[in-house]
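These are the residues of each chain, in order.
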Amino acid sequence: MTGRTTYPAGPVLGLLAAVQLSGCAVAAPEAEAGRMAGQTEYLGVETRLLDGDLVNFFVSAKGDEAKKDVVAYADCAAAQYALIRGFGFARHVRTNVAHEAGIWRADAVYTISPALPEGLRKLDAEVVVANCRDNGIPTV
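Numbers given for residues are sequential positions, taken from 1 along each chain in its written order. Residues qualify for local features only when their pLDDT is at least 70, as the model is predicted, and side-chain atom pairs are given and counted only at 80 or more; totals for whole chains, interfaces and linings, by contrast, use all residues. Working from all heavy atoms in the structure, the side-chain values ignore hydrogens and water.

Peer 1: Can you walk me through the pattern of salt bridges in this structure?
Peer 2: A side chain of one charge can pair with a side chain of the opposite charge when the charged atoms of the two come close. The working definition used for a salt bridge is a side-chain nitrogen of Lys or Arg within 4 Å of a carboxyl oxygen of Asp or Glu. Inspection of the entire model under this criterion finds six salt bridges. Across the salt bridge formed by E65 and K68, the nearest N and O atoms sit 3.7 Å from each other. For R94, the salt bridge goes to D107, with nearest N and O atoms at 3.1 Å. With R94 in strand β5 (residues 89-100) and D107 in strand β6 (residues 103-113), the pair connects residues that are 13 residues apart, well separated along the chain. Through salt bridges with shared partners, a single network forms among E65, K68 and D69. Numbered from the N terminus, helices here are DSSP runs of H or I no shorter than four residues, and strands are runs of E no shorter than two.

Structural data, given as structure tokens:
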């Protein structure tokens, strides 16, 4: 793979703000994969539980805006997953982004928790999922 970028857990407050403002959207379950918002086609989410509260998300997308949208897509998946598990928050640990054959892929890790976690990049799951719904980015 080429074009690998790592987004550290710390200095991405601007990205969190962008996600909060631009948001993500929840699609109906039958419309999850392949849904388009603007120029991005969302290709699906794979979720792996690494440890009790540590979760790995693999998401992929293609299109003109997919490079930035794939990171928001991972946030949307993490926020929805937290809600499904009965938690209200997620904390971003790391995201690796790669591009191959026109498809952008993000490999992102988050912790989920019932209370606001420590750390710089925290997601209020209900707020993020609502923003996801408003902006057409699918969740798990």
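What follows continues from the structure just given.
Peer 1: Help me out: how do you make sense of the pairing of strand β4 (residues 54-63) in this one?
Peer 2: Taken residue by residue, a regular strand's side chains alternate between the two faces of the sheet. Here a strand pair is declared whenever DSSP counts at least two bridges between the two strands. For strand β3 (residues 40-51) and β4, the ladder comprises ten bridges, and the chain directions are antiparallel. Each bridged residue has a counterpart across the sheet, and for D51 the counterpart in β4 is L54. From the end of β3 to the start of β4, which pair antiparallel, there are two residues. The pairing of β4 with β6 spans nine bridges and is antiparallel. The residue of β6 that forms the bridge with A61 is W104.

Peer 1: Sorry if this is basic, but what is going on with the pairing of β6 here?
Peer 2: Burial here depends on accessible area, computed with a 1.4 Å probe over protein chains only, as a share of the maximum for the residue type. Under 20% is buried, over 50% is exposed, and the range in between is partly exposed. With respect to burial, β6 is a largely interior element, ten of its eleven residues being buried. The pairing of β5 with β6 spans eleven bridges and is classified as antiparallel. Bridge pairing in β6 links H99 to W104. The turn linking β5 back onto β6 is made up of two residues, and A101 within it adopts a positive phi angle of 55°.

Peer 1: Help me understand the state of the cysteines in this model?
Peer 2: Simply put, the disulfide is a covalent bond whose two ends are the sulfur atoms of two cysteines. Note that a disulfide, as used here, is simply two cysteine sulfur atoms within 2.5 Å. Counting across every chain of the model gives one disulfide. A sulfur-sulfur separation of 2.2 Å characterises the disulfide bridge that pairs C76 with C132. Residues C76 and C132 are joined through a disulfide that is left-handed, its torsion about the S-S bond being -100°. A residue pair is termed long-range when its members are at least 10 positions apart, and C76 in helix α2 (residues 66-84) and C132 in helix α3 (residues 125-135) qualify at 56 residues. Residue C76 shares its accessibility class with C132, and that shared class is buried.

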